[in-house]
Amino acid sequence: MKPQKPFYVIVHVPFLQFAAVALFPFILIKEKNFATNRYLINHELIHFRQQIELLILPFYLLYGLFFLYNWLVYWDSQRAYYEICFEREAYQNEDNLNYLQTRPLWAWIKYLRKQP
Ligand SMILES: [Zn+2]
């Protein structure tokens, strides 16, 4: 059976503070040409999967809490962002375009701890 193509809608938002943001089912991108960046889109689709399995709203709540916790630990907003388990999972697997086909449910949990 062929895996289903993920559903998403790309929205170009030039004033975005980040390269891209995943707000299921929308992927907001800062620059139009990001739409053809398969790795960036894959990164955002990994966030979609995290959002879906957490029923959307709890994802944003947890994301904010993890960011706040990391910020209190590191006093550095960039580091706080990269240390969020959701981001760790997305950054470590964005280059693997087949990742979502084999990813176990709630895979982000293992990224709560730093990977060796
Ligand atoms: Zn991300």
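Residues numbered from 1 in each chain as written. Predicted model: local features only at pLDDT ≥ 70, side-chain atom pairs only at ≥ 80, totals over all residues.

## Some remarks on the environment of tryptophan 75
Thinking step 1. Mapped onto the secondary structure, tryptophan 75 falls in the loop between α2 (57-74) and α3 (77-82).
Thinking step 2. In this structure the C-alpha to C-alpha distance between tryptophan 75 and isoleucine 29, which are 46 residues apart in sequence, comes to 28 Å. (Helix = DSSP H or I, 4+ residues; strand = E, 2+ residues; numbered from the N terminus.)

## Section: the sheet that holds strand β3 (residues 26-29)
Thinking step 1. One open sheet holds the 3 strands; their spatial order is β1-β3-β2, and the pairing between them is mixed. Both outer strands of the open sheet, β1 (9-12) and β2 (20-23), are each paired with one neighbouring strand and no more. Neighbouring strand axes in the sheet, compared pairwise and without regard to direction, differ in orientation by 20° on average.
Thinking step 2. Across 4 bridges, β1 lies against β3 in parallel orientation. Residue valine 9 lies in a different strand from β3, and its bridge partner there is phenylalanine 26.
Thinking step 3. This element, helix α1 (residues 38-53), spans β2 and β3 of the sheet and lies at about 30° to β2. (Pairing = 2+ DSSP bridges. Axes fitted to C-alpha atoms, helices over the stretch in contact; angles between N-to-C directions. Contact = placed C-beta atoms within 7 Å.)

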